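Structure at a glance
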Amino acid sequence: MSRPLRLVLSLILGLALLLVTAPAQAASMVTVLRYDASRAAEFTTAVNQAAQIWNSSVANVRLVQGTPAHFVVYADNGWPRALPTSLGRGTIWMGRQATSQGYDRVRIATHEIGHILGLPDRRTGRCSDLMSGSSAGVSCTNPNPNAAERAEVDGNFAGGAPQVEFGRLHVDR
């Protein structure tokens, strides 16, 4: 085979390889979301732990502390709630009312971040379902999303249609 022909074949094979691997590389894009927990008072550690739980649970999104923030977390005396304004954006209030009743701080924080990541409340009463929220009872301290919740978040950040209602305050009572 002549040298020019080998060069042309090498170029064609190289381009074919790029075309085959490009979609796979695009599919593995990670969305980085910055959060601000500087106003979360005594809940700051729980919020940071919840962010790490999500980071170790999903592949398409990464939560990091920083500003300007995509979502902000506040502490107040009400019930925990979230206001997702769009996928990955919104406000969370870590209400002291739930923790004073015995609900777990890290589970609350992970649950509320779940709303920001596109998950709705699902009042199943099962402790294994993070988005069951308070319906699982005060004895439930499981802060981990289940396989379906993890897959749903990854799907949301891969172009899926989030099930949460944006622009609505989500209060799990």
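Structural data are supplied above this passage.
Residues numbered from 1 in each chain as written. Predicted model: local features only at pLDDT ≥ 70, side-chain atom pairs only at ≥ 80, totals over all residues. Heavy atoms only, no water.

Remarks on the pairing of strand β4 (residues 81–86)
- For β4 and strand β5 (residues 89–95), the ladder comprises 5 bridges, and the chain directions are antiparallel. If you follow L83 over to β5, its bridge partner there is T91.
- Taking the residues between adjacent antiparallel strands as the criterion, β4 and β5 are bridged by 2 residues, where G88 takes a positive phi near 85 degrees.
- Pairing between β4 and strand β6 (residues 170–171): 2 bridges, direction antiparallel. Within β6, the residue paired with A82 across the bridge is H170. (Pairing = 2+ DSSP bridges. Helix = DSSP H or I, 4+ residues; strand = E, 2+ residues; numbered from the N terminus.)

Remarks on the pattern of salt bridges
- Summed over all chains, the structure comprises 6 salt bridges.
- The salt bridge partner of R39 is D36, with a shortest N-O separation of 2.7 Å.
- For D36, a relative accessible area of 10% puts it in the buried group.
- Between E152 and R122 there is a salt bridge, with the nearest N and O atoms lying 3.0 Å from each other. Taken together, the residues span a long stretch of sequence, with E152 in helix α5 (residues 147–156) and R122 in the loop between α4 (105–116) and α5 at a distance of 30 residues. (Salt bridge = Lys/Arg side-chain N within 4 Å of Asp/Glu carboxyl O. Buried < 20%, exposed > 50% of the residue type's maximum accessible area, 1.4 Å probe, protein only.)

Quick word on helix α2 (residues 44–57)
- With 14 residues, α2 should reach 20 Å at 1.5 Å per residue; the first-to-last C-alpha distance of 20 Å fits that figure.
- Of all the residues in α2, the buried ones are A46, V47, N48, A50, A51, I53, W54, N55 and S57. (Expected span 1.5 Å × (residues − 1).)

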